[in-house]
Amino acid sequence: MVSPGRPLAEVVQAVTDALDADIIMYAGEIGRPYDTRFHKCCVKYRERPNVLLLLTTFGGNPDAGYRMARWLQQLYVNG
């Protein structure tokens, strides 16, 4: 349960445990070379069978966005 004043690290740990999911926060442009960096980080730090993606962006290249989504599917759905 999330309560006021609870340290962020505890909240993040509670969410990852409850969902058995890695939490990925991406804030930035969707495009080259960021899509490749995103993929490398996902592969390097994957620990759990599920993923929670928190995405903040003004948009960008739809092909790069598609690649990012497909990489997440490959890592977490087909894992």
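The coordinates are above.
Description of the structure in this document. (Residues numbered from 1 in each chain as written. Predicted model: local features only at pLDDT ≥ 70, side-chain atom pairs only at ≥ 80, totals over all residues. Heavy atoms only, no water.)

**Side note on the packing of helix H2 (residues 34-45) against helix H3 (residues 62-77)**
The interhelical angle for the contact between H2 and H3, taken along N-to-C directions, is 10°, at an axis separation of 9 Å. Taken together, H2 and H3 sit at an angle that is classed as roughly parallel. In contact with Asp-35, Thr-36, Phe-38, His-39, Cys-42 and Val-43 of H2, H3 contributes Ala-64, Arg-67, Met-68, Trp-71, Leu-72 and Leu-75. In terms of residue class, the contact of H2 with H3 is made up of 8 nonpolar, 2 polar and 2 charged. (Axes fitted to C-alpha atoms, helices over the stretch in contact; angles between N-to-C directions. Helix = DSSP H or I, 4+ residues; strand = E, 2+ residues; numbered from the N terminus. Parallel < 35°, antiparallel > 145°, perpendicular 65-115°, else oblique. Contact = heavy atoms within 4.5 Å. Nonpolar A, V, L, I, M, F, W, Y, C, P; charged D, E, K, R; others polar.)

**Overview of H3**
The terminal C-alpha atoms of H3, which comprises 16 residues, lie 21 Å apart, in line with the 22 Å expected from a rise of 1.5 Å per residue. Looking at H3, one finds that the buried residues are Ala-64, Met-68, Trp-71, Leu-72, Leu-75 and Tyr-76. Viewed end-on, H3 has its buried residues packed into an arc of 110°, placing them on one side of the element. For H3, exposure combined with an orientation more than 90 degrees from the buried face picks out Pro-62, Asp-63, Tyr-66 and Val-77. Its buried side turned inward, H3 meets strand E1 (21-27), H2 and strand E2 (50-56). Sitting at the head of H3, Asn-61 places a side-chain oxygen 2.7 Å from the backbone nitrogen of Asp-63. (Expected span 1.5 Å × (residues − 1). Buried < 20%, exposed > 50% of the residue type's maximum accessible area, 1.4 Å probe, protein only. Arc of directions from axis to C-beta. Polar contact = N/O pair within 3.5 Å; in protein donor to acceptor, adjacent residues only side chain to side chain.)

**Details of the layout of surface pockets**
Taken as a whole, the largest pocket holds about 230 Å³ of empty space. Looking at the largest pocket, it is lined by 15 residues, and the ones nearest its centre are Asp-22, Ile-23, Ile-24, Cys-41 and Tyr-45. Elements with a minimum of two residues in the lining of the largest pocket: E1 and H2. Here the residues of the lining of the largest pocket sort into 9 nonpolar, 1 polar and 5 charged. (1 Å grid on protein atoms, 1.4 Å probe; cavity = no way out; pocket = protein on both sides within 12 Å on 5 of 7 lines; lining within 4 Å. Points joined across faces, edges and corners; volume = space filled by probe spheres on them.)

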